[in-house]
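# A look at the structure
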Amino acid sequence: MTIEDVKLIELPKFTDPRGNLSFVEQLNHIPFEIKRTYWIYDVPGGESRGGHAFKKNEEFIVALSGAFDVVVDDGHNKMVFSLNRSYFGLYVPAGLWREMIDFSTNSLALEFGSEHYVKEDYIRDYKVFLELKNNGKI
Ligand code: TYD
């Protein structure tokens with residue numbers, strides 16, 4: 001996987017004076033079956049989270065409220081995706097280093113995963129990530 005495989009996906013949006021509505025469907029807008037959903041909230045402004053890679057877990061990240069940047073790194077190239085609209089989602093395949101940075105105060109990040117939470121699926125050491133990547137293990 002490379003950063004070319006990361007996709008910013010525009011979601012359906014029903015604008016309505018009563019309040020807008022968007023939605024996501026698995027195997028449609030989200031290109032995997034969802035096994036897990038979690039969210040990051042009460043974030044102090046300027047914070048960063050999630051500097052790690054997953055061996056197997058694919059992700060779909062939505063800035064439900066506020067804004068933050070997702071930095072994706074395939075060991076050779078890096079790309080920054082600014083998420084600040086609730087009708088866009090970022091698909092991040094497994095095997096990429098990713099970090100979420102510059103959270104705006106009280107932003108809300110919603111994340112869908114293709115796997116249940118498994119501690120061993122995380123790669124938290126960037127050097128280990130590069131070794132696995134360079135050896136074609138991830
Ligand atoms: P983690 O993914 O490590 O967050 P970050 O990379 O931003 O530091 O999650 C923080 C803690 O939450 C971690 O110790 C384990 C727990 N956790 C779960 O139990 N289930 C989950 O689905 C997630 C995402 C985290």
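Everything discussed here concerns the structure shown above.
The shown structure was predicted, so the numbers you read here are calculated from the model rather than taken from an experiment. (Residues numbered from 1 in each chain as written. Predicted model: local features only at pLDDT ≥ 70, side-chain atom pairs only at ≥ 80, totals over all residues. Heavy atoms only, no water.)

With that settled, consider the side chain of Lys133. With respect to the helices, strands and loops of the structure, Lys133 is situated in helix α1 (residues 126–134). Residue contacts for Lys133: discarding those within four places in its chain leaves Met1, Asp74, Gly95, Leu96 and Ile138. (Helix = DSSP H or I, 4+ residues; strand = E, 2+ residues; numbered from the N terminus. Contact = heavy atoms within 4.5 Å.)

Before going further, it helps to spend a moment on α1. Regarding α1, its N-cap is Asp125, as a side-chain oxygen of that residue lies 2.8 Å from the backbone nitrogen of Lys127 further along. Directly beyond the C-terminal end of α1, a positive phi value near 70° is found at Gly136. (Polar contact = N/O pair within 3.5 Å; in protein donor to acceptor, adjacent residues only side chain to side chain.)

Its place among the elements puts Gly113 in strand β11 (residues 108–113). With sequence-adjacent residues up to four places away left out, Gly113 is seen in contact with Phe32, Glu33, Ile34, Lys35, Arg36, Asn57 and Glu58.

On inspection of all chains with the given rule, the structure shows five salt bridges. Here Lys56 ties to Glu115 by a salt bridge, and the two come within 3.8 Å at their closest N and O atoms. Here Lys56 is found in the loop between β5 (49–54) and β6 (59–65), whereas its partner Glu115 is found in the loop between β11 and β12 (122–123), with 59 residues between them in sequence. A salt bridge links Glu59 to Arg98; its shortest N-O distance comes to 2.6 Å. Of the two residues, Glu59 sits in strand β6 while Arg98 sits in strand β10 (residues 97–101), which places them 39 residues apart along the sequence. Since its relative accessible area comes to 1%, Glu59 is described here as buried. A single salt-bridge network, built from bridges that share partners, covers Lys35, Lys56 and Glu115. (Salt bridge = Lys/Arg side-chain N within 4 Å of Asp/Glu carboxyl O. Buried < 20%, exposed > 50% of the residue type's maximum accessible area, 1.4 Å probe, protein only.)

Among the surface-exposed residues, Phe14, Leu21 and Phe23 lie close enough to one another that they form a single nonpolar patch of about 290 Å² accessible area. With respect to the helices and strands, the residue Leu21 is situated in strand β3 (residues 21–22). (Patch = residues over 30% accessible without salt bridge, like charges linked within 9 Å, V, L, I, M, F, W, Y side chains within 5 Å. Areas by Shrake-Rupley, 256 points an atom, 1.4 Å probe, with all protein chains shown as cover.)

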